[in-house]
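# Chain and residue survey
In case you want the letters, here they are:
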Amino acid sequence: MSLGQGATRILAFVLMAFVAFAAPSFAQELPRPETFTLSNGLQVVVITDRRAPVVTHMIWYRVGAADEDRGRSGIAHFFEHLMFKGTREIGPGEFSRMVARNGGQLNAFTSWDYTAYYERIARDRLELVMGMEADRMRNLRFSDETFVSERDVIGEERRQRIDNNPGAVMGERMRAMLYPHHPYGTPIIGWAHEIEALDRESALAFYQTWYAPNNAILVVAGDIDAAELRPLAQRYYGRLRPTRNLPARTWVQDPPNVGPMRVTHRDEKVRQPSISRMYRAISYATDEGRQAHALDVAIDILGGSETSRLYRALVEEQRIAVSAGASANTAGLGGGSVSVYATPVEGVSLEQVEAAIDAVIAAYLRDGPTEAELARSKSSLAAAAVYSRDSQESLANIYGSSLAQGESIDDVVNWPRDIEAVTRDEALTIARETLVLDASVTGWLLPPEAGQ
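So, a few notes on the structure that sits alongside this text.

Cut-off values and rules
Residues numbered from 1 in each chain as written. Predicted model: local features only at pLDDT ≥ 70, side-chain atom pairs only at ≥ 80, totals over all residues. Heavy atoms only, no water. Helix = DSSP H or I, 4+ residues; strand = E, 2+ residues; numbered from the N terminus. Polar contact = N/O pair within 3.5 Å; in protein donor to acceptor, adjacent residues only side chain to side chain. Contact = heavy atoms within 4.5 Å. Pairing = 2+ DSSP bridges. Axes fitted to C-alpha atoms, helices over the stretch in contact; angles between N-to-C directions. Buried < 20%, exposed > 50% of the residue type's maximum accessible area, 1.4 Å probe, protein only. Arc of directions from axis to C-beta. Core = buried A, V, L, I, M, F, W, Y, C linked by side-chain atoms within 4.5 Å. Phe/Tyr/Trp six-rings, centres within 6.5 Å; stacked < 30°, edge-to-face > 60°. Lys NZ or Arg CZ within 6 Å of the ring centre and 35° of its normal.

Below, the discussion takes up the side chain of Arg158. Of note, Arg158 is situated in helix α5 (residues 144–163). Polar side-chain contacts of Arg158 include one of 2.8 Å to the backbone oxygen of Gly190. The contacts of Arg158, once residues within four sequence positions are left out, are Asp163, Glu172, Pro187, Ile189, Gly190, Trp191, Ala192 and Ile195.

Here it is, written out as C-alpha cells:
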C-alpha cells in the first residue's frame, strides 16, 4: 500500500500528466472542475466524468515530510500505515477490507509537501468511502502495541527499499548534499535511527495538528457533479472540527552554494556503473512568470526523450552509453530540481561519460535550443495528453497535487497556453540559470574496487 519513498515517482507521474496538457489543440478540452469550500475550511474539487458509473475519491492533506520536526523524520509517511489501524467505528484493517469487499481499490502516498489517500469505487458506494475517510480524518485510534509494530514494519520497508538498493542510497546522500539545511534533504521514509526513535505521543500530536478539514482538499472525479456532491460532503465532512491556528509552513533556507559537490558510492550489488547529477531549480510554486514552464520545455529538449540532445549524443552518435537523459521536477512547494543521468556501455569509464555530458550541456547553454527542437518538444508533450485526459484518476492527481503545492485551478487550466507561449530565449535563460555546476551534486555509482 505504502508508496512512501516513491515521491519522486509520484511527482514524475503528476508532471507527466501535467505535461499532457501541452498541446494547444487540446486546450479547449481541458476540464475545469467545480469547487466549493465547507464552513470548516475543507476545499472541495469536483471533476465530472460521466463515461462510467465510477468515482475516484481523494483526500489531500497539506502536510508532508518537510513539515516534520527535526529528529523525527518519517512521521508523515508513518501515517500511510497508521491511518488503516481503525477508529471507534471501524476496526483495525477493516477500512481496506470494506473497500475491497465493495469492489474498490485504494492507496496512499507521501511527498515532502503533501500526503494523499484515495479510493476508486462504484458511484453507488461513494457514500461508504466518504463516511470512512471522514471518520479517520479526526477519529483515528492506535495502541502503543500497534504503533511499535508498525514502526518495525516501516523499518523493514526502509531496509528493503533503500538500504538494499545502492542507487537509492546514493540518491538519498545526493539530496542531503543538495539541500544541506532545507527539509527536502531529509528522506521521506525517514533516517533509520530516527524511525527507531519515533514515539506514539509525537505521532498523535502530528496527527491532531495536521489532519483536519481546514488543512485538506477533497477531490472527487467521476460520475458526479458539485450539486450532487455538496450535500454528501456537508453530511460527512461538514461536522468535523478544524484545527485552530494551523502552523505556518515556513521552512529554513539552504546556505549559498560552495561549488560542485560529488558522491562516490560503491556497493557489491552494483552490476553496472552509472552517473547522475542533481541541480537545484525553481518550481511552479517559486517561479516568476513562466520560468517553470520554460524549465520543463528546456529540460525536455536536453534529455526528456530519445530525440533529446543527451540521448542522441551519448547513445546514438558516440555510442558510449546505453541510456542518457534528464528530467525536471518543477512541482515542489519549496522549489524544484533537475536531474541528469547516464549509464555507460561496458568498457567505457564514468570519466568519459561525464565529460560527454558536460560537453552536451555546454553546447546547449551556448547555442540554446533550435526552433525545431522547441516545436518537437511541444508535439511530444501533446501526445501524452491523449492518455491523461482519459483517466479520471490522473485528473484527480493533477488538481489535488497542484492545489496542495500552492497552485490554483486557473494555473492548471492555463498551463497549456503558458507552455505554448514559452519562447526559445525563455528556455535558454532558465537553462543557463539552472544548469550551474557550482550548484550541483554529481554521483558515481560503482561496484567495489578490485581486491576489496
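Here the narrative resumes.
Backbone-to-backbone hydrogen bonds join strands into a sheet, with any given pair of strands oriented parallel or antiparallel. In space, the six strands of this open sheet follow the order β1-β2-β6-β3-β5-β4, with mixed pairing throughout. If you trace the sheet from one side to the other, it starts and ends with β1 (34–37) and β4 (105–110), each paired once. Between one strand axis and the next, the sheet turns through 15 degrees on average, direction left out of account. Where β1 meets strand β2 (residues 43–48), four bridges bridge the pair, whose relative direction is antiparallel. Bridge pairing in β2 links Thr37 to Gln43. Of the strands in this sheet, β1, β2 and β6 (216–222) touch helix α9 (residues 226–236), which is tilted by about 25 degrees from β1.

All right, on to α9 then. Of all the residues in α9, the buried ones are Ala226, Leu229, Leu232, Ala233 and Tyr236. All buried residues of α9 fall inside an arc of 130 degrees around its axis, so they share one side. As for α9, its buried residues are in contact with β1, β2, α4 (126–138) and β6. Backbone nitrogen of Ala227 and a side-chain oxygen of the N-cap are separated by 3.2 Å at the start of α9; the cap is Asp225.

The biggest cluster of nonpolar side chains holds 55 residues, and the ones touching the most others in it are Phe79, Tyr211 and Tyr237. Considering every element that reaches this core, the biggest residue donor is α4, with six residues. Contacts of Phe79, omitting those with residues within four sequence positions, involve Tyr117, Leu140, Phe142, Ala203, Phe206, Tyr207 and Tyr211. The next biggest cluster of nonpolar side chains, apart from the first, holds 45 residues, and it includes Ala281, Ala294, Ala326 and Val340.

By the definition in use, this model includes 18 aromatic pairs. Taking the centre distance of 6.0 Å and the plane angle of 80 degrees together, the rings of Tyr61 and Tyr117 count as edge-to-face. In this pair, Tyr61 sits in strand β3 (residues 54–61) while Tyr117 sits in strand β5 (residues 115–122), placing the two residues 56 residues apart along the sequence. Accessibility classification places Tyr61 together with Tyr117 in one group, the buried group. Ring centres 5.5 Å apart and planes at 35 degrees place the aromatic pair Phe79 and Tyr211 in the tilted group. With Phe79 in helix α2 (residues 75–82) and Tyr211 in the loop between α8 (200–210) and β6, the pair connects residues that are 132 residues apart, well separated along the chain. Tyr211 matches Phe79 in its accessibility class, with the two residues each being buried. The cationic tip of Arg136 hangs over the ring face of Phe84; the distance from NZ or CZ to the ring centre is 4.5 Å. Against the face of Phe95 rests Arg136, its NZ or CZ located 3.8 Å from the ring centre.

This next bit is on unusual backbone geometry. Phi angles above zero are rare outside glycine, and Asn245 is one such case at about 55 degrees. Asn245 sits in the exposed class, given a relative accessible area of 76%. In this model, Arg319 sits at a positive phi of 55 degrees, which is unusual for a non-glycine residue.

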